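Chain by chain, the residues run as shown.
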Amino acid sequence: MTYIAKPRLHHPSLVKNKAGYTRRDYEGAVSTLCAGCGHDSISAAIIQASYELDVLPHQIAKLSGIGCSSKAPTYFLGASHGFNTVHGRMPSVMTGANLANRDLIYMGVSGDGDSASIGLGQFAHIMRRGVNMTYIVMNNGVYGLTKGQFSATADKGSISKKGVANSDESIDLVSLAILMGATFVGRSFSGDKHQLVPLIKAAMAHEGAAFLDVISPCVAFNNHPGSTKSYDYVREHNEALNRVDFIESREEITTSYDPGTLTTVQQHDGSILRLRKLGEDYDASDKVAAMKRVQEGMAAGEVVTGLLYVDPSPKDLHHHLNTVDAALNTLETADLCPGPAALDRINAGLR
Amino acid sequence: MTKPAIAAVNDFVVKFANVNGSGSASANELFARAILRMGVPVSPRNIFPSNIQGLPTWYEVRVTEKGHLGRRGGVDMMVAMNPQTWAEDVKEIEPGGYLFYDSTKPMPASMFREDINIIGVPLTAITNATYSDARQRQLFKNIIYVGALSVLLDIDDNEIKRLFGEQFKGKEKLLDSNVKALNLGRDWVTQHADPAAVKLKVRRADNVGDRIFVEGNNAAALGAVYGGATVCAWYPITPSSSLAEAFQAHCKKLRHDKETGKAKYAIVQAEDELASIGIVIGAGWNGARAFTSTSGPGISLMTEFIGLASFAEVPAVIVNVQRGGPSTGMPTRTQQSDLLSCAYASNGDTKHVLLFPEDPKECFDFTADALDLADRLQTLVFVMTDLDIGMNHRLCAPFQWDDKRDLDRGKVMTAADLEAGKNFGRYLDVDGDGIPFRTYPGTHPTKGAYFTRGTTKDEYARYSEEGAVYVRNMERLQKKFDTARRIAPQPVRYSSPKPTRSGVIYFGSTSPSMAEALDQLEAQGHHVNALRVRSFPFSQAVEDFIHEHERVFVVEQNRDAQLRTMLMSEFTLDGRKLVPVLHYDGTPITARFITADIAKKLGQLKVVSFEKAAS
Ligand SMILES: Cc1ncc(C[n+]2csc(CCOP(=O)(O)OP(=O)(O)O)c2C)c(N)n1
Ligand code: SF4
Ligand SMILES: [Mg+2]
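Thresholds, definitions, all that
- Residues numbered from 1 in each chain as written.
- Chains lettered and ligands numbered in written order.
- Predicted model: local features only at pLDDT ≥ 70, side-chain atom pairs only at ≥ 80, totals over all residues.
- Heavy atoms only, no water.
- Near = heavy atom within 4 Å.
- Nonpolar A, V, L, I, M, F, W, Y, C, P; charged D, E, K, R; others polar.
- Salt bridge = Lys/Arg side-chain N within 4 Å of Asp/Glu carboxyl O.
- Helix = DSSP H or I, 4+ residues; strand = E, 2+ residues; numbered from the N terminus.
- Buried < 20%, exposed > 50% of the residue type's maximum accessible area, 1.4 Å probe, protein only.
- Pairing = 2+ DSSP bridges.
- Axes fitted to C-alpha atoms, helices over the stretch in contact; angles between N-to-C directions.
- Contact = heavy atoms within 4.5 Å.
- Buried area = accessible area lost by both parts, 1.4 Å probe.
- Polar contact = N/O pair within 3.5 Å; in protein donor to acceptor, adjacent residues only side chain to side chain.
- Donors = N, O, S within 2.8 Å, 3.2 Å for Na, K, Ca; no water.
- Areas by Shrake-Rupley, 256 points an atom, 1.4 Å probe, with all protein chains shown as cover.
- Phe/Tyr/Trp six-rings, centres within 6.5 Å; stacked < 30°, edge-to-face > 60°.

Draft legend 1. Structural detail: the site of ligand 2. Taken together, the residues surrounding ligand 2 are Leu33(A), Cys34(A), Cys37(A), His39(A), Cys68(A), Asn140(A), Gly144(A), Cys218(A), Val219(A), Ala220(A) and Phe221(A). In terms of residue class, the shell around ligand 2 is built from 8 nonpolar, 3 polar and no charged.

So, in structure tokens, the structure goes:
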């Protein structure tokens, strides 16, 4: 398996966004994942979201752990720096990267094995630190790359392709993220780009810890009737709470939609989230209600999707640490090194 | 018959036996500093348990006009303040030595020894007569014994009062009450005891010079500030915690923007060592200087990430303040036993750069250097200190900084370089030193982006498992390691005044004891050349030194002769030539031990000196 560069035939009709880039400029190498893998649909949604957001591709840093899902960053945003770290430890690397340069947009991509099994600790801690990022778990309930063992998000009672039933309780990353202090938490489905693309855009605009749990069926190991993460199962049990429209602040549209079905949330950066209510009256800014709604869904065997929780004015790790506005990696000798005179004073105090 | 009494001026060991958490630490340090202010070098060591309150702790002060800063071994005067350890403390005193104790409660003669000199001062009685508050009683009792000792040992009380003045500047009440306590001890001894009975004396000298008195952890933390570290991630573990805490303290004073008050650094107390090193690697990848400090068990946890930093070529610095291993081992004792686990940490063919500071001065220098080396070599660099250097005050040369020194960020391609059309291959060796160029994320809209991974890749960072591509990369990494061999701190040689075929190799905290041992050996007629190794990969000078001698003693503070193993494998040497000298009981190595072991081994080898052989 070697790297395959995608031919970059720039079609004149490709439309440029405000940043001057076409959708193509946000693509990556040709995917080597299985045809039909849910992860590829999520990559496509990330490409679409980045394009629509008019962000400069090189201003995004994409980080991942290890797994099929963690390979995905190769297949989107080819002009961005990427880092395939080690299994389950992407959150710490992303934390350090973010501390070094607060000016980039951080996109973390992980799998359910990567985040809920081996990496559960780091997953929890990055949420509670409030690292300004978009953290996407491509959740298939299995270890795709190591050929179909259960991960910690596999539902209790679900059956593996080999016919084994999972007797362990499953970990719900959405509940955990809310509990751990993530300030933007949503869930979606790889096959539902109308819901997913605006969610990713809103998450990227969110200036705090944004987490998206995206159910992403593994065609190789869970597209069979016993799996609760297969396309068919998720389609049948998906209960969308809301559809998100994401509008950047500078082009706020005030024409009202049907008032009974819309609420808007203004994020800290000024961008507007419109939540089109599909479910019952749902308030995404109420953390306690969000926890309750997710738990109710689980009890009823539903996959509750949409924007589950958002704190419109989050505080991130740099805020907590009171770091300077300039990126730390731009500070130079004169900024950092106190020099010989200060050292002489220190020496004098040590005699 | 008069008892024997050890008589010594400016050359003796006083050991304080205390209860952990009783406030004795600052009183004992005061004692040591007062002697230092009299121009007489001291070398104090904390011996403490892995516990916060109630268990025994000891503080051993070697008073040494000659400036032998290694542990001497043996105790001339025991200040026995802990009833729990009384028996073993009394036993430890050299014949003719002195026992200083709290004589408030009468004790049976069986509790003492015939061959030592007893000095009882009713500390509790004096304290209780003056203070009613329990906390005050506890704290001032310590100052009272310092006062008593100052009379017995001829320590200038004005120096102690000056130290109080500096410590309690602006807090006059505290100053007065401490001076009062000091005088309580002094007055009692003057009125009730005979100071001449104690024949250990401090006499003013001029042997301290401009040296500073500082712990290695504090020094390394300052080195990180001067070396430009902006990100520090750590997880508490003895004996390294005080390093990250000192970094925080230094940054508070030195690294806040004058106008905005904002921090030019970020410190994260991570959830474990996996996260600490992950944060450091993320920051290093993104162009900030970052480090973590830890000890053995932390290194064990970090191992997978260490391989990533090395293979993906991300700068990172780990200060390993070594303690006794294996496993949780001896958390509060010292060893040099992580050499192999750091030098070859992680799966596959990995090797890492190690620096071995001898004292706090080199902790400062090498931590700053390590940050430069990590950027220059684009790899992970270990600073290998230990508890003995890290957690004890040590007299050392003052810190120095060249005003013209710039942070060496190594080979970084800028947007301008890329714009000018420079060929960028992330893992391409362009000038033969094995070090490629890198770009920071976000540098250029269309050029210079690459994917960083722990899997194998070609010169342009493209994933590849082809054998030839893999081998090329591994050979380049070897070449880079050879570059490290040239640019890391070079060994320091000490030559015997007489020609000799015997050599000794040592490193790190063994240094002061080794220097003393060399004097002792020389005095006994054993001529030995010495080489202090300061980094791994070993300089060519290390191999040359070994070839120059018939036998080379390798002195280390571990059981398995780890440095010797590395020398043998790195230089493909015959092991018989390298004679291990090993001390690993958790106490710092002493000159007495080294001298005795080398002398014994030279005897067994029936070594004839050069002159004799020639005659
Ligand atoms: C320390 C370590 N242990 C085990 C592995 C093997 N491994 C690679 S990917 C993976 C599971 C990935 O599962 P998930 O994160 O769900 O990704 P998916 O492939 O399902 O997208 C495992 C166990 C590894 N790379 N590193
Ligand atoms: S094994 Fe599953 S997760 Fe991996 S690429 Fe194939 S479909 Fe996707
Ligand atoms: Mg998975």
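Still more ground to cover, so stick around.
Draft legend 2. Local environment of the pattern of salt bridges. Residues and elements named next belong to chain B. Tallying each qualifying case throughout the model produces 57 salt bridges over all chains. Its salt-bridge partner being Glu 362, residue Arg 532 comes within 2.8 Å of it at the nearest N-O pair. Of the two residues, Arg 532 is situated in strand 20 (residues 529-533) and Glu 362 in helix 12 (residues 360-377); the sequence distance between them amounts to 170 residues. The same class applies to Arg 532 as to Glu 362, namely buried. In this structure, the salt-bridge partner of Arg 405 is Asp 369, at a minimum N-O distance of 3.0 Å. Of this pair, Arg 405 sits in the loop between strand 16 (393-396) and helix 14 (415-419) while Asp 369 sits in helix 12, and the two are 36 residues apart along the sequence. Judged by its relative accessible area of 21%, Asp 369 falls in the partly exposed class. Each of Arg 289, Asp 369, Asp 372, Asp 375, Arg 405, Arg 409 and Arg 438 takes part in a single network of salt bridges with overlapping partners.

Draft legend 3. Structural detail: the sheet that holds strand 18 (residues 492-494) of chain B. Residue and element names in this part refer to chain B. An order of 18-20-19-22-23 is seen for the 5 strands of this open sheet, with the pairing classed as mixed. The two strands at the open ends of the sheet, each matched to only one other strand, are strand 18 and strand 23 (578-582). Going from strand to strand, the sheet's axes swing by 20 degrees on average, the running direction of each strand aside. Across 3 bridges, strand 18 lies against strand 20 in antiparallel orientation. In the sheet register, Tyr 494 faces strand 20, and the bridge partner there is Ala 530. Its contacts with the sheet put helix 16 (residues 511-523) on strand 19 (502-507), strand 20 and strand 22 (551-556), and the angle it makes with strand 19 is roughly 160 degrees. Of the strands in this sheet, strand 19, strand 22 and strand 23 touch helix 19 (residues 591-604), which is tilted by about 145 degrees from strand 23.

Draft legend 4. How the structure looks around the interface of chain A and chain B. Taken together, the contact between chain A and chain B spans 58 residues of the former and 68 residues of the latter. Interface area lost by chain A to chain B is led by His81(A), Phe83(A) and Arg351(A), which between them contribute 14%. In this structure, the connection of chain A to chain B is made through 23 residue pairs in polar contact (both at pLDDT 80 or more). Mapped by element, the contributors of at least two residues to the side of chain A that touches chain B are strand 1 (60-64), strand 2 (81-84), helix 3 (90-100), helix 5 (120-129), helix 11 (333-336) and helix 12 (339-348) of chain A.

Draft legend 5. Seen up close, the coordination of the magnesium ion (ligand 3). All names here are of chain A. Of the protein atoms, only Asp 112 (OD), Asn 140 (OD1) and Val 142 (O) coordinate the magnesium ion (ligand 3), at distances of 2.1 to 2.3 Å. When the donors of the magnesium ion (ligand 3) are listed by position in the chain, the intervening gaps give D-x27-N-x1-V. With Asp 112 in helix 4 (residues 112-117) and Asn 140 in the loop between strand 4 (133-139) and strand 5 (142-143), the pair connects residues that are 28 residues apart, well separated along the chain. According to the relative accessible area criterion, Asp 112 is buried, its value standing at 2%.

Draft legend 6. How the structure looks around helix 18 (residues 562-571) of chain B. Among the 10 residues that make up helix 18 of chain B, 7 are buried, leaving the element largely enclosed by the rest of the structure. For helix 18 of chain B, the full list of buried residues reads Gln562(B), Leu563(B), Arg564(B), Met566(B), Leu567(B), Glu570(B) and Phe571(B).

Draft legend 7. The arrangement of the site of ligand 1 in detail. All names here are of chain A. Contacts to ligand 1 come from 17 residues, most closely from Cys 68, Ser 69, Gly 113, Asp 114 and Gly 144. Here an oxygen atom of ligand 1 sits 3.1 Å away from a polar atom, N or O, in the side chain of Asp 112. Within the contact set of ligand 1, an oxygen atom lies 2.7 Å away from a backbone nitrogen or oxygen of Asp 114. Summarising the interface, the protein chains cover 77% of the accessible area of ligand 1, which totals 590 Å² for the free molecule. Looking at the shell around ligand 1, the elements with two or more residues in it are helix 2 (68-71), helix 4 and strand 5. Ranked by residues supplied to the shell around ligand 1, first place goes to helix 4 with 3 residues. Class assignment of the residues belonging to the shell around ligand 1 gives a composition of 5 nonpolar, 9 polar and 3 charged.

Draft legend 8. Examining the sheet that holds strand 12 (residues 290-294) of chain B more closely. Residues and elements named next belong to chain B. Sheet architecture is open: 7 strands sit in the order 11-10-12-13-15-14-21, paired in mixed fashion. Every other strand in the sheet has two partners, leaving strand 11 (266-269) and strand 21 (535-536) as the edge strands with one partner each. As paired strands, strand 14 (residues 353-355) and strand 15 (residues 380-386) are joined by 3 bridges and run parallel to one another. Counterpart to Leu 355 in the pairing with strand 15 is Val 383.

Draft legend 9. Spotlight on the packing of aromatic side chains. Residues and elements named next belong to chain B. Within this structure, the stated rule accounts for 26 aromatic pairs over all chains. Judged by centre distance (5.0 Å) and plane angle (75 degrees), the rings of Phe 16 and Phe 31 are edge-to-face. With Phe 16 in strand 2 (residues 11-19) and Phe 31 in helix 1 (residues 24-37), this residue pair connects regions lying 15 residues apart in the sequence. The two residues Phe 16 and Phe 31 agree in class, both being buried. Seen from their ring centres, Phe 247 and Phe 291 are 4.9 Å apart, and the 85 degrees between their planes marks the pair as edge-to-face. With a gap of 44 residues between them, Phe 247 in helix 8 (residues 241-254) and Phe 291 in strand 12 connect regions that are remote in the sequence. Put simply, the rings of Tyr 344, Phe 481, Phe 536, Phe 538 and Phe 571 pair up and form one aromatic cluster.

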